[in-house]
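A structural walkthrough
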Amino acid sequence: MITIDQFNFKGEKVLVRVDFNVPLNAGFQITDDSRITATLPTLNKILADGGSVILMSHLGRPKAGPEDKFSLRHILGHLGKLLGKNVHFAPDCIGAEAAAMASGMGAGEVLLLENLRFYKEEEKGDRDFAQKLASLGTFYVNDAFGTAHRAHASTAIIADFFPGKKAFGYVMAREVENADKVMKAPQRPLTAIVGGAKVSDKILIVENLLNVADHIIIGGGMAYTFFKAQGGHIGKSLCEDERLQTCIEILEKAKAKGVSIHLPSDSIIADNFAADANTQNCASDAIPDGWMGLDIGASACNDFNSVLLNSKTILWNGPMGVFEMEAFSTGTRTVAEAVAESTQNGAFSLIGGGDSAAAVHKFGFEDKVSYVSTGGGALLEYFEGKTLPGIAAIVGE
Ligand code: AMP
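This structure is a prediction, so every number in the text was calculated from the model and none was measured.

About the thresholds
- Residues numbered from 1 in each chain as written.
- Predicted model: local features only at pLDDT ≥ 70, side-chain atom pairs only at ≥ 80, totals over all residues.
- Heavy atoms only, no water.
- Pairing = 2+ DSSP bridges.
- Helix = DSSP H or I, 4+ residues; strand = E, 2+ residues; numbered from the N terminus.
- Axes fitted to C-alpha atoms, helices over the stretch in contact; angles between N-to-C directions.
- Contact = heavy atoms within 4.5 Å.
- Phe/Tyr/Trp six-rings, centres within 6.5 Å; stacked < 30°, edge-to-face > 60°.
- Buried < 20%, exposed > 50% of the residue type's maximum accessible area, 1.4 Å probe, protein only.
- Salt bridge = Lys/Arg side-chain N within 4 Å of Asp/Glu carboxyl O.
- Near = heavy atom within 4 Å.
- Polar contact = N/O pair within 3.5 Å; in protein donor to acceptor, adjacent residues only side chain to side chain.
- Areas by Shrake-Rupley, 256 points an atom, 1.4 Å probe, with all protein chains shown as cover.
- Nonpolar A, V, L, I, M, F, W, Y, C, P; charged D, E, K, R; others polar.
- Domains from an automatic or database assignment.
- Buried area = accessible area lost by both parts, 1.4 Å probe.

Next up on the list: the sheet that holds strand S11 (residues 266-270). The sheet built from 3 strands is open, its strands ordered S12-S11-S14 with antiparallel pairing. Unpaired on one side and paired on the other, strand S12 (279-283) and strand S14 (292-296) mark the two borders of the sheet. Recorded for the sheet is a direction-independent mean angle of 45° between the axes of neighbouring strands. On top of the sheet, helix H10 (residues 298-309) reaches S11, S12 and S14; it is set at about 40° to S14, its chief contact.

In structure tokens form, the structure reads like this:
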């Protein structure tokens, strides 16, 4: 992998694509700065080498040109504090002023460019726009894994202008290395836990995992479409009728490939989608009319635990139930505990973004698993087997 460790940045003006798309409150204060702090090692390495840093990012989803609420100016003060130095700000990410500011930079200086998405050309992957950005620097570093699945001007196209002078930052490198511990040459058995609401959101990932996993645990709302597909009664549980055939095909493919699919044998069912609903435990394929499965049951927890405790590599994406409500959080918490215990016994565990990351944080397990990805959509696409443009742009040369 081509990382910044293989270069010395003395005298370079390094364009670094970061993901500073941080949440801001009504007073434009940052409510969670973890995306910024994550990039500090990358920025500090470049600065310590004697390079200068030109930061490129997006913030929010501006629709038509500049809007003050999406200005990266709001993060300038906090960024300066974190870096321990004054950060210059270019009020337009391209153009004469940005060019003058960039060319006047000395070693150890940092310049933040205004929101890239004030130009529609960014998301369109416009080549001229990418070239204008590229003209500001002498080296390109991508450290924005969250946008690696997009072929935007600053995440992919720009790399064409830096033959031999482009690399992954540490955030990006760590994400790819950890994802590869699962996808390429994993320690076996490899177990993937896939949960969440919909089969349709997870279908591509399950299909691709059939090529690498030994076990696939399926929980959450998506499990009920599998039960119905096999003739089970699921009451008013979540179901995608148009995916019934897909579920049968997945089960058949798994059998042919020797992959064990584990569905939750029992469920916590409720008479209402509410925190204070009446609940009972029930076989997942015999749910009475008017009731719905909102969590996996005790037997399912036991089954899943024994698979997880015998695994050497674990990938987890998606909760086992409606974990946001206490009454339906036991399954997700129990699986988190089993993943933590397996990790303590030497397994490698990767928690893939979104709701599973939220669940791991909620239950306080983030330090007990091997890695919690920040990737969201990018990580999912990686596990779906797709080539991510942001990775290909660096590696593909
Ligand atoms: P996803 O974004 O597809 O990973 O889905 C996560 C969401 O699925 C969470 O908000 C859960 O509350 C929800 N969920 C999980 N299990 C169920 C279930 N059995 N019924 C309804 N929603 C569920």
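The discussion continues.
Per the stated rule, a full pass over the model turns up 6 aromatic pairs. Note on Tyr-140 and Phe-162: the rings are 6.2 Å apart at their centroids and 20° apart in plane angle, and the pair reads as stacked. Within this pair, whereas Tyr-140 is found in strand S5 (residues 139-142), its partner Phe-162 is found in the loop between S5 and strand S6 (166-168), the two being separated by 22 residues in sequence. The exposure class of Phe-162 is buried, given its relative accessible area of 5%. An aromatic cluster is built from Phe-7, Phe-9 and Phe-139, whose rings are joined through pairwise contacts.

Another point: the pattern of salt bridges. Applying the stated criterion across every chain yields a total of 13 salt bridges. Measuring nitrogen to oxygen at the nearest pair gives 3.0 Å for the salt bridge that ties Asp-214 to Arg-188. One end of the pair, Asp-214, is in the loop between helix H7 (199-209) and strand S8 (215-218); the other, Arg-188, is in the loop between helix H6 (170-183) and strand S7 (190-194), with 26 residues separating them in the sequence. The shortest N-O distance in the salt bridge between Lys-253 and Glu-207 comes to 3.2 Å. Of this pair, Lys-253 sits in helix H9 (residues 244-257) while Glu-207 sits in helix H7, placing them 46 residues apart in sequence. For Lys-253, a relative accessible area of 35% puts it in the partly exposed group.

Attention now goes to the side chain of Ser-52. Relative to the helices and strands, Ser-52 resides in strand S2 (residues 52-56). Apart from residues no more than four positions distant in its own chain, Ser-52 is found in contact with Glu-12, Lys-13, Val-14, Ile-46, Leu-47, Met-105, Gly-106, Gly-108 and Glu-109.

This paragraph deals with the site of the ligand. Taken together, 14 residues surround the ligand, and among them Ala-197, Gly-221, Gly-293, Glu-324 and Asp-355 come closest. Take Gly-221: an N or O atom from its main chain is 3.1 Å from a nitrogen atom of the ligand. Interatomic distance of 2.9 Å between a backbone N/O atom of Gly-293 and a nitrogen atom of the ligand. When the ligand sits alone it has 510 Å² of accessible area, and the protein chains cover 81% of it. Here the residues of the shell around the ligand are counted per class, giving 6 nonpolar, 5 polar and 3 charged.

In terms of domain boundaries, the protein breaks down into domain 1 (4-172) and domain 2 (186-383). Distance between the C-alpha centres of domain 1 and domain 2: 37 Å. Each partner contributes to the interface: domain 1 provides 4 residues, whereas domain 2 provides 6 residues. Here domain 1 meets domain 2 over a buried area of about 440 Å², counting both sides, of which 64% is carbon and sulfur.

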